[in-house]
Amino acid sequence: MDRNQIVQPENIVCKKPTLMNDNNMHYCPGCSHGVVHKLVAEVIEEMGMADKAVGVSPVGCAVFAYNYIDIDWQEAAHGRAPALATGIKRTWPDRLVFTYQGDGDLACIGTCETIHALNRGENIVIIFVNNAIYGMTGGQMAPTTLIGQKTSTCPYGRDPEIHGYPLKMADIAAQLEGTCYVTRQSVESVASILKAKKALRKAFEASMAGKGSSLVEFVSTCNSGWKLTPAKANEWMKENMFPFYPKGDLKDTTDK
Amino acid sequence: MAEEREVVLMKGNEAIAHAAIRCGCDGYFGYPITPQSEVIETLAELKPWETTGMQVVQAESELASIYMVYGAAGAGKRAMTSSSSPGIALMQEGITYMAGAEVPGVFVNVQRGGPGLGTIQPSQGDYFQATRGGGNGDYKVIVLAPSSVQEMADFVDLAFELAFKYRNPAMILSDGVIGQMMEKVVLPPFKPRRTDEQVIKECPWASTGKPKNRERVVITSLELKPEAMEKRNIALQEKYAKIQENEVRFEQQQMDDAEYAIVAFGSAARIAEKSVEIAREQGIKVGLFRPITLFPFPEKQIAELSKKVKGILVAEINAGQMVQDVRLAVNGAVPVEQFGRLGGIVPDPEEIVNALKKVM
Amino acid sequence: MINALNNYIMAKMKGAIEVNTERCKGCSLCIIACPQKVIALANKVNLHGYPYVEAVNEEACVGCASCGIVCPDGCITVYRKKVEE
């Protein structure tokens, strides 16, 4: 078969999502953010909600998420995205409202806003990209950094005596009455990406159906902060992050 | 035919709540703190979400409150919060973010004594915080200073009008005296909340959901390119200059033949009214100049006034804050003295008269 | 994944990819994901200084789209056509 016969518009089985514009994304090569962005763009498009979606971006590597996905956005102060999302969704109940946050944003400075927005059962989706490090500011320890993991502010490895223990936010979220869907996913393989997309869609639909709040955690890599190649970072994540932050649904009451 | 107007007796804090519902506010997001918890309590009692659809949320903190306001106002809705001095201190970051992103949030400060956790008694110690900006960067917040329960009621709609006219955060700077005192008030007539379509039409800059026929909206105060950031800041400064030119509000009493002037705002102005009465009885020709907008400050008017009087006493319940702006406006033309009490103590009218005599 | 591939091969799918070389950052995750060893890093860099990937063995491509799915930057457009017997 001639290549020209294959390369025809009707034969496209995979391409950059339509809602993702042509701006080159600033993320490091191999960063999980890029894949999660694609999933967000695809799901919003497939739900037909492009003109009704409002995203709230964090302070962190994804601060410029608003430059890449072609919907309306608000830039939140560090950790406050769930509060902004509450204000938006309460006054625009028919909009698809979500936050997109990293581990510092959601589990450190924003712990209070995260827990309370989830607990109030706000009809929003909180997207949590957890890579156990502060990427944007140069690789410092995060509340989800693992025991023994080395970062610039725990160069000898996280020590519970000095630094305390890593936080499992999804487990906390699953305890709250207000949440309807809490899940951990990842995006390092085709299989995990397809599962993750289904989970994201479920969460978005639950928020539009008024079922309450959802937390979708993406256990992710930070090859720059971890000082590994993208491929090795995926391996490290599978060996170290997955056992501590196990994947799967921690809570699902969406069909109630 | 004269419109029938309701005259009721209520606290300043309660008037804020009633006025918010009546001016078509879409959302109140707040946190309890003395001396202003009646605002959210009254709203909770009135249940506007069942009548006008106005949302009332008790947030988990003042931090969360200001950011809920930011979210809703950034989406074009009339959103407000209220707090008192230490809570407003917490909100400073949200306020500078609103100024930078040009989000028209409205907030009320019912001042109490400070610094720090302070006292629950009234003060005017947040004048600097309100007018100099307690957050970072070059910005201004529109500041309205009510001195009666009526003005508490009237200023809510005015604050929203100004906030949306200039896409700027606006504050009502009240204090524990006005928040807690009860007076007759004519509540404003009911104005319906804007429909979603009206909001989209009136606020094309807001993040309401991107239709195909426009670019996406991003509500943000972040700009990393220096040239672009300079342009943004210059535009903000030009906006503040416009506000200074067009929105000054003040009130004068018995200034026509005055040889001395007392300059005071808020509850200090109410007390000073009595001081003017007492002084006049004693033969002193004194008048009262009351700034109503603290930003924009009535600097031109005070400069004019300083040409006609022999001295000015600034009466404010703090260690000397507005007096700085008065001195700047007077520019050395006449002596300017300040009188204030601290620690949450509210002065008597006689104290102000005695202080005035020291100026003379 | 293997079963799916067998199905493709049995049904004789032929694929092809287009890489947006200016968007590619050379992270190489597509190279690892590709079950057919179609993709490799080119010996060149783009305008941003990143080495980019290209199809070096496109004959073997079955259009499974693993590369496009794992690509963090959405650089790869994948085409697939059933081979008519």
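Residues numbered from 1 in each chain as written. Chains lettered and ligands numbered in written order. Predicted model: local features only at pLDDT ≥ 70, side-chain atom pairs only at ≥ 80, totals over all residues.

1. Thoughts on the sheet that holds strand 15 (residues 336–339) of chain B
Residues and elements named next belong to chain B.
Point 1. Strand order across the open sheet formed by five strands is 10-12-11-14-15, with mixed pairing between neighbours. What marks the edges here is a single partner per strand, and that holds for strand 10 (250–253) and strand 15. Mean inter-strand twist for the sheet, computed between neighbouring axes without regard to direction, equals 20°. (Pairing = 2+ DSSP bridges. Helix = DSSP H or I, 4+ residues; strand = E, 2+ residues; numbered from the N terminus. Axes fitted to C-alpha atoms, helices over the stretch in contact; angles between N-to-C directions.)

2. Regarding the domain arrangement of chain B
The extent of an interface is frequently quoted as the accessible surface area lost upon association of the parts.
All names here are of chain B.
Point 1. Taken domain by domain, chain B comprises domain 1 (7–196) and domain 2 (250–359).
Point 2. In this assembly, 25 residues from domain 1 lie in contact with 20 residues from domain 2.
Point 3. Per-element tally for the side of domain 1 that touches domain 2: the top contributor is helix 6 (residues 127–133), with four residues.
Point 4. Looking at side-chain class alone, the side of domain 1 that touches domain 2 contains 13 nonpolar, nine polar and three charged residues. (Domains from an automatic or database assignment. Contact = placed C-beta atoms within 7 Å. Nonpolar A, V, L, I, M, F, W, Y, C, P; charged D, E, K, R; others polar.)

3. Looking at the sheet that holds strand 8 (residues 248–252) of chain A
Point 1. Within the open sheet, the eight strands sit side by side as 8(A)-6(A)-7(A)-5(A)-4(A)-2(A)-3(A)-9(B). Their pairing is mixed. Edge positions in the sheet fall to strand 8 of chain A together with strand 9 (218–219) of chain B, since each of these pairs with one other strand and no more.
Point 2. As paired elements, strand 3 (residues 72–75) of chain A and strand 9 of chain B share two bridges and run parallel to each other. Pairing of W73(A) across the sheet is with V218(B), part of strand 9 of chain B.

4. Some points on the interface of chain B and chain A
Point 1. Contacts between chain B and chain A engage 35 residues on the former and 29 residues on the latter.
Point 2. Those elements that place two or more of their residues in the side of chain B that touches chain A are strand 2 (27–30), strand 3 (55–58), helix 4 (62–74), helix 5 (85–101) and strand 9 of chain B.
Point 3. Looking at which element gives the most residues to the side of chain B that touches chain A, the answer is helix 4 of chain B, with nine residues.
Point 4. Residue classes in the side of chain B that touches chain A are distributed as 18 nonpolar, 10 polar and seven charged.

5. So, the interface of chain C and chain A
Point 1. Taken together, the contact between chain C and chain A spans 28 residues of the former and 27 residues of the latter.
Point 2. Of all the elements in the fold, those that place two or more residues in the side of chain C that touches chain A are strand 1 (13–19), helix 2 (29–33), helix 3 (66–70) and strand 4 (76–82) of chain C.
Point 3. When residues in the side of chain C that touches chain A are grouped by element, the largest group, five residues, is from strand 4 of chain C.
Point 4. With two bridges joining them, strand 1 (residues 12–14) of chain A and strand 4 of chain C adopt antiparallel strand pairing. What sits directly across from C14(A), in strand 4 of chain C, is V78(C).

6. Some remarks on the arrangement of the chains
Point 1. Comparison of the two pairs of chains in contact shows the highest number of contacts for chains A and B.
Point 2. Between chain B and chain C there is no contact, and the shortest C-alpha to C-alpha separation is 19 Å.

7. A few points about unusual backbone geometry
All names here are of chain B.
Point 1. Residue P35 is bonded to the preceding T34 through a cis peptide linkage, with omega at 5°.
Point 2. A cis amide bond links F295 with the next residue in sequence, P296, at an omega value of 0°.
Point 3. With a phi close to 50°, R167 is a non-glycine residue in the positive phi region.
Point 4. Its 17 C-beta neighbours within 10 Å are what place R167 among the partly exposed residues.
Point 5. Phi is positive for N331, close to 55°, though the residue is something other than glycine.
Point 6. Positionally, N331 belongs in the loop between helix 13 (322–330) and strand 15. (Buried ≥ 20, exposed ≤ 12 C-beta atoms within 10 Å, placed from the backbone.)

8. A look at the pairing of strand 2 of chain B
As a general feature of sheets, a regular strand has side chains that alternate between the two faces.
Residue and element names in this part refer to chain B.
Point 1. Taking every second residue as pointing to the same face, both faces of strand 2 are buried, with G27 and F29 on one and Y28 and G30 on the other.
Point 2. With four bridges connecting them, strand 2 and strand 3 associate as parallel partners. Its bridge partner being in strand 3, Y28 is matched across the sheet by V56.

9. Structural notes on the packing of helix 4 of chain B against helix 5 of chain B
Residues and elements named next belong to chain B.
Point 1. Contact pair helix 4 / helix 5: the axes reach a minimum separation of 8 Å and the direction vectors enclose 20°. The angle between helix 4 and helix 5 falls in the class roughly parallel. Helix 4 and helix 5 meet at a crossing whose hand is right-handed. Between helix 4, through E62, L63, I66, Y67, Y70 and G74, and helix 5, the contact on the second element is made entirely by G87, L90, M91, G94, I95, Y97, M98 and A101. (Parallel < 35°, antiparallel > 145°, perpendicular 65-115°, else oblique. Left-handed = near helix turned anticlockwise from the far one by under 90°.)

10. Section: helix 13 of chain B
Residue and element names in this part refer to chain B.
Point 1. Taken as a whole, helix 13 has its buried residues at M322, V323, D325, V326, A329 and V330. Summarising the axial view, the buried residues of helix 13 lie within an arc of 160°, below the 170-degree limit, and thus occupy one face.
Point 2. The secondary structure elements touched by the buried residues of helix 13 are helix 6, strand 11 (260–263), helix 12 (299–306), strand 14 (311–315) and strand 15.
Point 3. After helix 13 finishes, the residue N331 shows a positive phi value of roughly 55°. (Arc of directions from axis to C-beta.)

11. What about the environment of M152(B)?
Residues and elements named next belong to chain B.
Point 1. In this structure, M152 sits in helix 7 (residues 149–166).
Point 2. When the C-alpha positions of M152 and S174 are compared, they lie 8.0 Å apart, and in sequence the two are 22 residues distant.
Point 3. If near-sequence neighbours (up to four positions away) are discounted, M152 is found in contact with G12, A15, I16, P146, S174 and I178.

12. Brief notes about helix 2 (residues 32–46) of chain A
Residue and element names in this part refer to chain A.
Point 1. Its 15 residues place the ends of helix 2 21 Å apart at the C-alpha level, agreeing with the 21 Å of an ideal helix rising 1.5 Å per residue.
Point 2. Counting buried positions along helix 2 yields 12 of 15 residues, so the element is predominantly enclosed.
Point 3. The complete set of buried residues in helix 2 reads S32, H33, G34, V35, V36, H37, K38, L39, V40, A41, V43 and I44.
Point 4. In the core, the buried residues of helix 2 are packed alongside strand 2 (53–57), strand 4 (96–102), strand 5 (125–130), helix 8 (190–208) and strand 7 (213–219). (Expected span 1.5 Å × (residues − 1).)

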